[in-house]
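# Overview (structure and organization)
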Amino acid sequence: MNSLPPLHPRQVGRGVAALIPQSGTEVSAAGQAAAALAALQTVPVHLGVLQAAALLLDELSADGSDDETRTTAEETARLLRAAMGYPAG
């Protein structure tokens, strides 16, 4: 069974650039600006929710799912742990 270390205070960020439509797409400049502003809004998430999600993803990746689902679950759990400042694995 997987376990995570105790919680510690840390702000969790996200890749804002990935959320903003890039120039050259069919999104107007106003649409790009609106997406940039929306991406900058933060939403507090209790670290316990992220811990629970990582553990559920570990279970999903171990239950014999297809390769794509298993790989996606493993990578998502890894990213959640990195966002929480926990070591990989």
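Structure shown above.
Since the structure is predicted, the reported quantities are computational estimates derived from the model, not experimental observations.

Definitions and cut-offs
By convention here, each chain's residues receive numbers from 1 onward along its written sequence. Where totals are concerned, whole chains, interfaces and linings use all residues; where local detail is concerned, this predicted model gives features only for residues with pLDDT of at least 70, and gives and counts side-chain atom pairs only at 80 or more. Based on all heavy atoms of the structure, the side-chain values leave hydrogens and waters out of the count. By definition, any uninterrupted DSSP run of H or I lasting at least four residues is a helix, any uninterrupted run of E lasting at least two residues is a strand, and each is numbered from the N terminus. Only the protein chains shown count as cover for residues, and all accessible areas are computed by the Shrake-Rupley method using a 1.4 Å probe. Grouping into patches uses exposed residues only, defined as over 30% relative accessible area, and leaves out salt-bridged ones; the cut-off is 9 Å for like charges and 5 Å for nonpolar side chains (Val, Leu, Ile, Met, Phe, Trp, Tyr). Each salt bridge in this description consists of a side-chain nitrogen of Lys or Arg and a carboxyl oxygen of Asp or Glu lying within 4 Å of one another. Throughout this description, the term nonpolar core refers to a set of buried Ala, Val, Leu, Ile, Met, Phe, Trp, Tyr and Cys residues connected via side-chain atoms within 4.5 Å. Residue exposure (1.4 Å probe, protein chains only): buried if accessible area is under 20% of the type maximum, exposed if over 50%, otherwise partly exposed. Should any heavy atoms of two residues lie within 4.5 Å, those residues are counted as being in contact. Note on geometry: axes are C-alpha line fits, over the in-contact stretch for helices, and angles between N-to-C directions span 0 to 180 degrees. Small angles under 35 degrees read as roughly parallel and large ones over 145 as roughly antiparallel, with 65 to 115 read as roughly perpendicular and the rest as oblique. Helix crossings get a hand from a simple test, with the near helix turned counterclockwise from the far one by less than a right angle marking a left-handed crossing and a clockwise turn marking a right-handed one. Under the rule applied, a polar contact is a pair of N or O atoms within 3.5 Å (in protein, one hydrogen donor and one hydrogen acceptor; residues adjacent in sequence only if both atoms are side-chain atoms).

## So, the overall build of the chain
- Assigned secondary structure in the chain consists of 4 helices and 0 strands.
- When the helices and strands of the chain are listed from N to C terminus, the series reads α-α-α-α.
- In the structure as shown, the chain presents an accessible area of about 6,400 Å², 60% of it carried by carbon and sulfur atoms.

## Remarks on a nonpolar patch on the surface
- A cluster of nonpolar side chains, Val-43, Val-45 and Val-49, forms an exposed patch at the surface whose accessible area comes to about 280 Å².
- Looking at where Val-43 falls in the secondary structure, it is placed in the loop between α2 (29-40) and α3 (47-62).

## Concerning the nonpolar core
- Counting 9 residues, the largest nonpolar core consists of Leu-47, Leu-50, Ala-54, Leu-57, Ala-73, Ala-77, Leu-80, Met-84 and Tyr-86.
- When contributions to this core are tallied by element, the ones reaching two or more residues are α3 and α4 (67-84).
- Among residues more than four places away in sequence, those in contact with Ala-54 are Ala-77, Leu-80 and Arg-81.

## Quick look at the side chain of Ser-61
- Locating Ser-61 in the fold gives a position in helix α3.
- Sequence-distant contacts of Ser-61, defined by excluding residues within four places in its chain, comprise Arg-70, Ala-73 and Glu-74.

## Some thoughts on the packing of α3 against α4
- Where α3 contacts α4, the axes come no closer than 8 Å and their chain directions differ by 155°. Taken together, the axis directions place α3 and α4 in an arrangement best described as roughly antiparallel. The two elements α3 and α4 cross, and the hand of that crossing is left-handed. On the side of α3, the interface is formed by Leu-47, Leu-50, Gln-51, Ala-53, Ala-54, Leu-55, Leu-57, Asp-58, Leu-60 and Ser-61, while α4 contributes Thr-69, Arg-70, Ala-73, Glu-74, Thr-76, Ala-77, Leu-80, Arg-81 and Met-84.

## Details of the environment of Asp-66
- With respect to the secondary-structure elements, Asp-66 resides in the loop between α3 and α4.
- Among the polar contacts listed, one links the side chain of Asp-66 to the backbone nitrogen of Glu-68, at a separation of 3.2 Å.

That's the geometry; what it means functionally is another story.
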